[in-house]
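# Inside the fold
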Amino acid sequence: MGVLKRYGANLPISARTPGVNLEEGSTPLVRLDRIGGDLGIELWGKLEGCNPSGSFKDRGMVLAVAKALEDGARALVCASTGNTSASAAAYAAHVGAPCYVLLPSGKVAMGKLAQALIYGAKVIAVDGNFDRALEMAREASRKLGFAMVNSVNPYRLISQKTGAWEICEELGRAPDIHAIPVGNAGNISAYWAGYKDFREWGKISGLPRMVGFQAEGAAPLATGKPCPNPETVATAIRIGNPVSAERAKSAVLESGGEFGAVSDEEILAAQAMLAAKGGVFAEPASCAALAGLIKLRGAKRLPEGSKVVMVLTGNGLKDPDAALRQTGEPIRIGSSMEELLEALAQ
Ligand code: F0G
């Protein structure tokens, strides 16, 4: 029914807020017993790739765009590693607003670039990384009076809390551990705030430990050191200077959780495992969460039998190149039955 309809009573909307709706949210929470069995836990995956533009960004974008319309914004602007731009472009198209997106040139997965372009946004490839593109987008929004729809926009994070609310409603409680990839650090902050809301409202009693995972080449929070030249196969989280760093640090500290870093190899291995043992195809950044859980298990720091939810933030179809680089080729045959039977017997 869309996030604004399902949770409108708990979101800052009024009679003047337009009812934007692409039927985002209410995503599947899937129990992954084969992988959970390997890790000795009860594992659930929140399939945020099932949102209309294929990532969790839609949850927050719907409110950010509704508020921008309510405030009479002339246009939307964002910087993005890909998913925010796809989401902003989709909602802009849906409501008929101009949209400008700044992307780090050559570092955005093909599917996301195709989305921003086909939804009709003006796409600008910046010869710099995401962190620089974000500074430029912020300045442009100030100079030109455009609504900034990155997670610096408070409505984004408020509406992203709905992911935590859904999990609690479905499980009837909070998980013991909430695992999530961290880039600009907005989503981990939003989930933590969402869990705390539910406890404050008396709907749950316990809170999860928040564990956030970054890619080794872009891990300012896990290492505690700035990262001026981030690099990783998980381009969605190729971020060196997270805007919501302080909020995310509080989430980890207050919840007794931790940040961790995982290598590109570990991320890709987790992606393959999730697909082959879970039937879920998530993009590399999403799989940093599973890679992190595997690492915790290896270090004997994943309590046996824990109820764990990981947020699978984006759809694997957005970045088919990353998957194809690690899979084999199909078996090629002619069109005879003999060849087919031979191939099937291999
Ligand atoms: N997973 C995916 C698939 C993402 O696209 C992002 C962020 C994250 C995780 C990290 O979330 O930034 O809230 O910590 N993508 C942003 C973008 C930066 O521009 O699409 P975060």
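Whatever comes next refers back to the structure up there.
Computed from a predicted model, the values in this text were never measured in an experiment. (Residues numbered from 1 in each chain as written. Predicted model: local features only at pLDDT ≥ 70, side-chain atom pairs only at ≥ 80, totals over all residues. Heavy atoms only, no water.)

### A look at the packing of aromatic side chains
For the coordinates displayed, the defined rule picks out 6 aromatic pairs. Summarising the aromatic geometry, the rings of Trp-165 and Phe-198 are spaced 6.3 Å apart at their centres and angled 15 degrees between planes, so their arrangement reads as stacked. Of this pair, Trp-165 sits in helix H8 (residues 162–171) while Phe-198 sits in helix H9 (residues 186–200), and the two are 33 residues apart along the sequence. An identical accessibility class is assigned to Trp-165 and Phe-198; each is buried. Among the aromatic residues, those joined into a ring-pair cluster are Tyr-7, Trp-165, Phe-198 and Trp-201. Sitting above the plane of the Phe-198 ring, Lys-203 keeps its charged end 5.3 Å from the centroid. (Phe/Tyr/Trp six-rings, centres within 6.5 Å; stacked < 30°, edge-to-face > 60°. Helix = DSSP H or I, 4+ residues; strand = E, 2+ residues; numbered from the N terminus. Buried < 20%, exposed > 50% of the residue type's maximum accessible area, 1.4 Å probe, protein only. Lys NZ or Arg CZ within 6 Å of the ring centre and 35° of its normal.)

### Structural notes on the site of the ligand
As a matter of local geometry, the ligand sits amid 21 residues, with Asn-83, Thr-84, Asn-184, Ala-185 and Thr-313 nearest to it. Contact between the ligand and Asn-83: an oxygen atom at 2.8 Å from a side-chain N or O atom of the residue. Gly-183 places a main-chain nitrogen or oxygen 2.8 Å from an oxygen atom of the ligand. Expressed as a share of its isolated accessible area of 470 Å², the protein-covered part of the ligand is 99%. Of all the elements in the fold, those that place two or more residues in the shell around the ligand are helix H4 (83–95) and H9. When its residues are assigned to classes, the shell around the ligand shows 8 nonpolar, 11 polar and 2 charged. (Near = heavy atom within 4 Å. Polar contact = N/O pair within 3.5 Å; in protein donor to acceptor, adjacent residues only side chain to side chain. Areas by Shrake-Rupley, 256 points an atom, 1.4 Å probe, with all protein chains shown as cover. Nonpolar A, V, L, I, M, F, W, Y, C, P; charged D, E, K, R; others polar.)

### Considering a nonpolar patch on the surface
Taken together, the side chains of Met-337, Leu-341 and Leu-344 make up a nonpolar region of the molecular surface, amounting to roughly 340 Å² of accessible area. Tracing the sequence through the fold places Met-337 in helix H15 (residues 337–345). (Patch = residues over 30% accessible without salt bridge, like charges linked within 9 Å, V, L, I, M, F, W, Y side chains within 5 Å. Salt bridge = Lys/Arg side-chain N within 4 Å of Asp/Glu carboxyl O.)

### Notes on unusual backbone geometry
For Ala-185, which is not a glycine, the phi torsion comes out positive at approximately 75 degrees. Examined against the element boundaries, Ala-185 turns out to sit in the loop between strand S7 (177–181) and H9. Note on Ala-185: relative accessible area 3%, which makes it buried.

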